[in-house]
Amino acid sequence: AQKITQTQPGMFVQEKEAVTLDCTYDTSDQSYGLFWYKQPSSGEMIFLIYQGSYDEQNATEGRYSLNFQKARKSANLVISASQLGDSAMYFCAMREGLNTGGFKTIFGAGTRLFVKA
Amino acid sequence: DVKVTQSSRYLVKRTGEKVFLECVQDMDHENMFWYRQDPGLGLRLIYFSYDVKMKEKGDIPEGYSVSREKKERFSLILESASTNQTSMYLCASSFHGPGQGKNIQYFGAGTRLSVL
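Below you will find a few notes about this structure. Computed from a predicted model, the values in this text were never measured in an experiment.

### Details of the overall build of chain A
- In terms of regular secondary structure, chain A is built from 0 helices and 12 strands.
- Its helices and strands in sequence order give chain A the pattern β-β-β-β-β-β-β-β-β-β-β-β, from N to C terminus.
- Computed over C-alpha atoms, the radius of gyration of chain A comes to 14 Å, within 12% of the 13 Å expected from 2.2 N^0.38 for 117 residues, which places it in the range of a compact globule.
- Out of the 117 residues in chain A, the part that is buried amounts to 50%.
- A fraction of 55% describes how many contacts in chain A between residues 6 or more apart in sequence connect residues 24 or more apart.
- With an accessible surface of roughly 5,500 Å², chain A has 48% of that area assigned to carbon and sulfur atoms.
- Distance between charge centres in chain A, computed from 11 positive and 11 negative side chains, equals 4 Å.

What follows is the structure, given as structure tokens:
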């Protein structure tokens, strides 16, 4: 079964508008972390934002926020005020077993975001 | 700034060749990882290492091996390259252990390997 599901292969957004990229996950672990990475056409994966399973507040990093709904097992990325430079592939990822030093990070298939001028 | 450097951005090899992909990190990270990335499949873990000379298989280790002789360097080896190993390969590193918080993985720019 898929542990990380990103249901939107591609999305368009108008410049300066907000966009939500969906991510659902599946785990029976109580201690886990959720990550979002951006991959521009250059290829390098860039860390954007992190949410721990025990964090009570939604994570925010500048224009990025993570809408964490634990009961629904969703961790959607919200990008506010989209910019042309936000056009990229976005990956949701999860690491289980944080309190036991879990190593493996599982990635979703990604969502390609296109920002229109 | 954390820096993870992969030795080649693009490689073209012949079927049956032995291929070495090199990765070096400068942040004294204990953990290092090799992934391959294919369209629609996201990133899949090939091998990881949590210490010098230590290695663990990931989800798709078949056809690959790794070497970690020094803390900063992690090599991926394709013993006999095949066309189905044509892919983007990404190296990453991170700190080790629950005390290190998020343990964010930092990635290199990737190596796009074509096996003909």
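### Brief notes about the interface of chain B and chain A
- Of the residues lining the interface, 24 residues belong to chain B; the matching set on chain A comes to 21 residues.
- Taking both partners together, chain B and chain A bury about 1,900 Å²; carbon and sulfur atoms supply 60% of that area.
- If you look at where chain B meets chain A, you find 0 salt bridges.
- On the surface where chain B and chain A come into contact, there are 4 residue pairs in polar contact (both at pLDDT 80 or more).
- When residues of the side of chain B that touches chain A are traced back to their parent elements, those giving at least two are β4 (31-38), β5 (42-49) and β9 (87-94) of chain B.
- When grouped by side-chain class, the residues that make up the side of chain B that touches chain A number 13 nonpolar, 8 polar and 3 charged.

### A closer look at unusual backbone geometry
All names here are of chain A.
- Unusually for a residue other than glycine, Lys 73 sits at a positive phi of about 55 degrees.
- Position of Lys 73 relative to the elements: it lies in the loop between β8 (64-69) and β9 (74-79).
- Not every positive phi belongs to a glycine, and Ala 81 is a case in point at roughly 45 degrees.

### With respect to the environment of A:Trp36
- With respect to the element layout, A:Trp36 can be found in strand β5 (residues 32-39).
- As for A:Trp36 and A:Arg112, which are separated by 76 residues in sequence, their C-alpha atoms are 13 Å apart.

### Quick word on the state of the cysteines
- If you walk through the whole model with that rule in mind, you get 2 disulfides over all chains.
- Bridging A:Cys23 to A:Cys92, the disulfide has an S-S length of 2.0 Å. Measuring handedness by torsion sign, the sulfur bridge of A:Cys23 and A:Cys92 sits at about -65 degrees and is left-handed. Here A:Cys23 is found in the loop between β3 (19-21) and β4 (24-25), whereas its partner A:Cys92 is found in strand β10 (residues 88-96), with 69 residues between them in sequence. Just as A:Cys23 is buried, A:Cys92 falls in that class too.
- Paired by a disulfide, B:Cys23 and B:Cys91 hold their sulfur atoms 1.9 Å apart. What sets the handedness of the B:Cys23 and B:Cys91 disulfide is the S-S torsion sign, and at about -80 degrees it is left-handed. Here B:Cys91 lies in strand β9 and B:Cys23 lies in strand β3 (residues 19-25), a separation of 68 residues in the sequence. Across the pair, B:Cys91 and B:Cys23 agree in class, each one buried.

Criteria and thresholds
Residues numbered from 1 in each chain as written. Chains lettered and ligands numbered in written order. Predicted model: local features only at pLDDT ≥ 70, side-chain atom pairs only at ≥ 80, totals over all residues. Heavy atoms only, no water. Helix = DSSP H or I, 4+ residues; strand = E, 2+ residues; numbered from the N terminus. Rg over C-alpha atoms; globule rule 2.2 N^0.38 Å. Buried < 20%, exposed > 50% of the residue type's maximum accessible area, 1.4 Å probe, protein only. Contact = heavy atoms within 4.5 Å. Areas by Shrake-Rupley, 256 points an atom, 1.4 Å probe, with all protein chains shown as cover. Lys, Arg positive; Asp, Glu negative; His and termini not counted. Charge placed at Lys NZ, Arg CZ, Asp CG, Glu CD. Buried area = accessible area lost by both parts, 1.4 Å probe. Salt bridge = Lys/Arg side-chain N within 4 Å of Asp/Glu carboxyl O. Polar contact = N/O pair within 3.5 Å; in protein donor to acceptor, adjacent residues only side chain to side chain. Nonpolar A, V, L, I, M, F, W, Y, C, P; charged D, E, K, R; others polar. Disulfide = S-S within 2.5 Å.

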